[in-house]
Amino acid sequence: MASAGDVHMQDADQPMANGTLPNGPAIKRERDEDDDDMPLGQALRQPAPKKAKVSASPSKDDDDDDDDMPISSSRPKEKPKAAAKRTDNKGDKRKDLKPDKANGARRSPSPSPASSVKANGAARAAPKARATAKPKRVIVKTEADFEPLNCWWEKENLGASKGVKDTTKQWDYLEHHGVIFTPQYEPHGVKIRYDGEPMALPPDAEEVANFWAQQLDGDRVGKEKFRTNFWKAFKSKLPKDHPIKSIDKCDFRPIKQHLDADKERKKNRSKEEKEEEKKQKAAYDAPYQFALVDHIREKIGNFRVEPPGLFMGRGEHPKQGQLKGRIFPEQVTLNLAKDAPVPRIPNDGPPGHAWGDVHHNNTSTWLAWYKDTINGAVKYVFLGAASGFKGMSDFLKYEKARKLKDYIGAIRDDYARKMKSKDQEDRELGTAVYLIDFLALRVGGEKDTEEEADTVGCCSLRKEHITFEDGYKITLDFLGKDSIRYHQTSKIEEIAYHNLKSFCKGKKDDEDIFDIDPARLNKYLKELMPDLSAKVFRTYNASVTLQQQLDKIGEKGVDVSKPDELLSFYNDCNREVAILCNHQRSVPKGHAASMEKAQKKLDELNEDIQEVEDYLEYLRTGKKKKTPKVEKKEEGEKERKPVVKDGMKEDAAKKKLDTLKSQRSKHELTMKMKDDNKAVALSTSKINYMDPRITVAFCKKYEMTIEKVFNKGLRTKFPWAMYSKSDFVF
DNA sequence: TCGTATACTTAGAAGAGTACGA
DNA sequence: TCGTACTCTTCTAAGTATACGA
């Protein structure tokens with residue numbers, strides 16, 4: 001942890017002192033090809049003009065090196081231009097959107113897609129902008145286009161809310177084009193076989209049969225629940241007097257073959273055809289991809305309503321296989337500014353429909369919602385991960401976790417005291433919070449197992465999920481979120497061990513260990529720290545673990561001059577976090593074969609190295625040693641060429657040896673990384689739990705390219721973190 | 001106080017896109 | 001050039017947190 005006198009370290013309570021950015025060194029970044037070009041989208045961008053640097057305690061270093069640069073060195077140069085355009089365009093943009101006040105809810109039809117495209121995003125470039133800065137070329141989609149349009153982290157008083165999200169007003173102006181609906185079903189007329197005979201299906205039933213046929217290669221069709229739920233759905237689409245009476249006599253393979261052939265045909269189209277279709281799709285989607293939030297263009301996350309299909313609940317979900325119905329405009333509620341035009345329904349959508357409702361709720365960030373036909377759950381349309389809403393929320397989440405760092409000592413003392421209390425509820429609270437903190441468990445809300453999969457978290461753990469072992473060890477074995485199994489044995493505090501034993505005493509296997517619920521637990525946490533809830537512990541512990549693991553770089557003997565070693569080390573640290581949070585993934589299908597192949601390549605590299613070493617030995621001693629290239633070749637395998645050329649000089653051979661050895665160590669590292677990570681999902685903790693500033697600081701400190709650890713999605717999600725200094729400490 | 005509604009965040013899988021090596 | 005492997009994006013299920021109303 002940095003000392004109080006360390007001017008670079010930001011206080012958790014003061015995320016950005018004086019509204020300024022910490023001016024860390026520029027992160028080493030592989031150059032993007034488009035950096036020199038100025039896409040049209042950039043002309044529309046509205047980055048806040050860079051303020052004069054005000055630092056709590058500016059040092060000379062801050063001014064002299066290129067620490068001021070965030071992630072892209074080309075961006076600051078363009079800022080003044082963009083800022084100037086911003087002032088000019090603000091009004092123009094609104095005019096170009098052609099507000100249609102008469103177009104209220106429940107009206108249609110809509111304009112042609114072409115006109116909608118014109119009215120959107122990049123294509124809406126203001127004429128003034130074109131006059132002042134002619135772009136070199138028009139690019140529809142570049143990384144630069146999706147750099148944040150809303151540089152919210154450059155705003156003044158960002159720390160004013162002190163880590164608490166402002167739950168009042170979220171926006172002053174909100175405008176968007178609504179959502180895209182699933183096109184109407186077009187029947188193909190392929191018959192299934194019923195009891196061996198071809199059988200035609202009504203279009204509605206045929207559509208449902210398609211959903212089933214698409215699953216024929218998977219495991220789901222073998223699941224009883226999936227099968228019976230599907231059968232109910234399928235039967236409901238057949239007329240009462242239809243001869244199909246049993247799923248067991250249905251053979252859906254003809255439809256499967258038809259769908260596969262269609263897929264194959266699509267795959268085999270010419271490059272030009274594929275590009276043309278892609279272009280058309282992009283043009284169609286364009287108006288729906290962005291929203292205007294306070295006149296800043298923001299990307300929308302999910303602008304397409306979920307298409308009909310079979311419900312794919314995870315694990316043993318009782319509703320798996322049920323039919324998810326088609327969503328129509330009447331089911332959709334939009335959220336727009338009062339003075340924003342109500343969008344028209346796409347003219348190729350279902351005819352004669354209208355929006356369900358239009359709200360003007362500026363305390364929320366949702367753009368639209370509709371209800372899921374399976375559970376009645378609300379499906380929201382939100383802005384994308386790189387938007388200001390999500391970015392700010394993320395930033396505050398990590399600030400809250402950093403704030404917990406200041407409280408954690410007192411909190412741990414308090415729940416330790418509670419664990420020893422004579423009061424049953426106190427002992428339960430203390431023990432539950434201990435498990436949440438120590439084992440990074442989720443809080444575990446109560447579930448209706450008739451309607452949902454039987455998964456649990458801390459508060460909903462049952463006696464059957466725990467076994468007690470000697471040495472104060474417990475084994476927890478349960479299905480957590482997404483029916484992912486948590487199965488770990490951990491040595492816990494003696495008092496927690498005894499408490500858990502006593503909570504289980506006299507209970508049946510299917511009874512809850514704790515009598516407290518998440519609301520009670522969170523109420524207790526709020527007594528210890530404002531706005532603290534159980535989930536903050538996962539963010540806190542994930543970030544702390546990453547920081548601690550990275551800090552061990554010295555003791556692990558990592559050669560920091562080797563990028564591969566650095567990456568491998570970072571991934572090892574990341575994996576520790578993923579294991580802590582129990583982030584698993586299914587082992588990729590071809591993993592075993594892929595490892596076998598990699599092993600073969602390693603064997604070949606070893607043989608090549610041996611060959612060169614023998615040759616060098618021969619040059620030194622004059623004694624020849626014959627090393628067979630491959631002792632036993634498989635049938636059809638080609639003879640490998642020798643790596644030592646006739647008359648090869650000693651220097652050349654030594655150079656070759658070095659190259660081969662370096663290739664081998666790189667290959668070994670890659671193999672190890674691949675095998676170690678085969679069942680661990682590293683991305684979940686990167687996206688949701690580990691403070692990105694820790695990673696950015698690590699990359700800066702060791703001059704590792706950020707692209708190696710943060711893909712494009714993460715770089716656009718965490719623009720605010722790219723400024724972190726190399727000595728940032730969580 | 002409790003159940004329900006609302007508003008989000010977190011999660012793994014699937015599919016699309018791209019890079020790379022034979 | 002083609003097939004394979006890897007990466008990235010999209011999709012949507014499944015959690016948590018809290019406001020709200022009876």
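Residues numbered from 1 in each chain as written. Chains lettered and ligands numbered in written order. Predicted model: local features only at pLDDT ≥ 70, side-chain atom pairs only at ≥ 80, totals over all residues. Heavy atoms only, no water.

Engineer: Explain the protein's contact with DNA strand B here, please?
Structural biologist: In the vicinity of DNA strand B, 24 residues are found, and the nearest of them are K390, S393, K481, T684 and Y689. Among atoms of DNA strand B positioned within 4 Å of the protein, sugar and phosphate together represent 80%. At 2.5 Å from a phosphate oxygen of DNA strand B is found a side-chain nitrogen or oxygen belonging to T684. Contacts to DNA strand B include Y689, whose side-chain N or O atom sits 2.8 Å from a phosphate oxygen. Ranked by the residues each element gives to the surface near DNA strand B, the list is headed by helix 10 (residues 388-419), at three residues. Looking at the surface near DNA strand B residue by residue, the class counts come to five nonpolar, nine polar and 10 charged. (Near = heavy atom within 4 Å. Polar contact = N/O pair within 3.5 Å; in protein donor to acceptor, adjacent residues only side chain to side chain. Helix = DSSP H or I, 4+ residues; strand = E, 2+ residues; numbered from the N terminus. Nonpolar A, V, L, I, M, F, W, Y, C, P; charged D, E, K, R; others polar.)

Engineer: Is there a simple way to explain the UniProt feature "active site" (unreviewed entry) in chain A in this structure?
Structural biologist: Mapped onto this numbering, the UniProt entry annotates "active site" (unreviewed entry) at Y689. Mapped onto the elements, Y689 comes out in the loop between helix 18 (683-688) and helix 19 (692-702). Taking relative accessible area as the criterion, Y689 reaches 15% and is therefore assigned buried. Not counting the four nearest positions on each side in its chain, Y689 is found in contact with Y398, R538, T539, A542, S543, H583 and T684. Among the polar contacts listed, one links the side chain of Y689 to the side chain of R538, at a separation of 3.0 Å. (UniProt positions renumbered as here; feature names shortened; annotations may be inferred. Buried < 20%, exposed > 50% of the residue type's maximum accessible area, 1.4 Å probe, protein only. Contact = heavy atoms within 4.5 Å.)

Engineer: Where do I start with the pattern of salt bridges in this structure?
Structural biologist: Close approach of charged atoms lets side chains of opposite charge pair. Within the structure shown, the criterion is met by 35 salt bridges. Put simply, R227 and D248 hold a salt bridge, and the shortest N to O gap is 3.2 Å. Taken together, the residues R227 in helix 7 (residues 224-236) and D248 in the loop between helix 7 and strand 4 (250-251) connect sequence positions 21 residues apart. The class of R227 is partly exposed, set by a relative accessible area of 25%. (Salt bridge = Lys/Arg side-chain N within 4 Å of Asp/Glu carboxyl O.)

Engineer: Even after reading the chapter, I still don't get the confidence of the model for chain A, so can you show me in this structure?
Structural biologist: Low pLDDT marks regions whose predicted coordinates should not be analysed in detail. Across chain A, the average pLDDT comes to 78, with 75% of residues at 70 or higher. Per-residue pLDDT stays below 50 along residues 1-148; that stretch engages in 269 contacts with residues further than four places along the chain or on separate chains. Taken as a whole, residues 159-166 scores under 50 in pLDDT and shows 12 contacts with residues more than four places along the chain or in a different chain. (pLDDT = per-residue confidence, 0-100.)

Engineer: Teacher, can you tell me more about the sheet that holds strand 9 (residues 333-335) here?
Structural biologist: Paired through their backbone hydrogen bonds, the strands of a sheet run either parallel or antiparallel. An order of 10-9-11-12 is seen for the four strands of this open sheet, with the pairing classed as mixed. Edge positions in the sheet fall to strand 10 (357-359) and strand 12 (378-381), since each has one partner strand and no second. Across the sheet, the mean angle from the axis of one strand to that of its neighbour is 20°, orientation sign disregarded. In this sheet, strand 12 lies alongside strand 11 (residues 368-371) in antiparallel orientation, the contact comprising four bridges. Its bridge partner lying in strand 12, K371 is registered against V378. (Pairing = 2+ DSSP bridges. Axes fitted to C-alpha atoms, helices over the stretch in contact; angles between N-to-C directions.)

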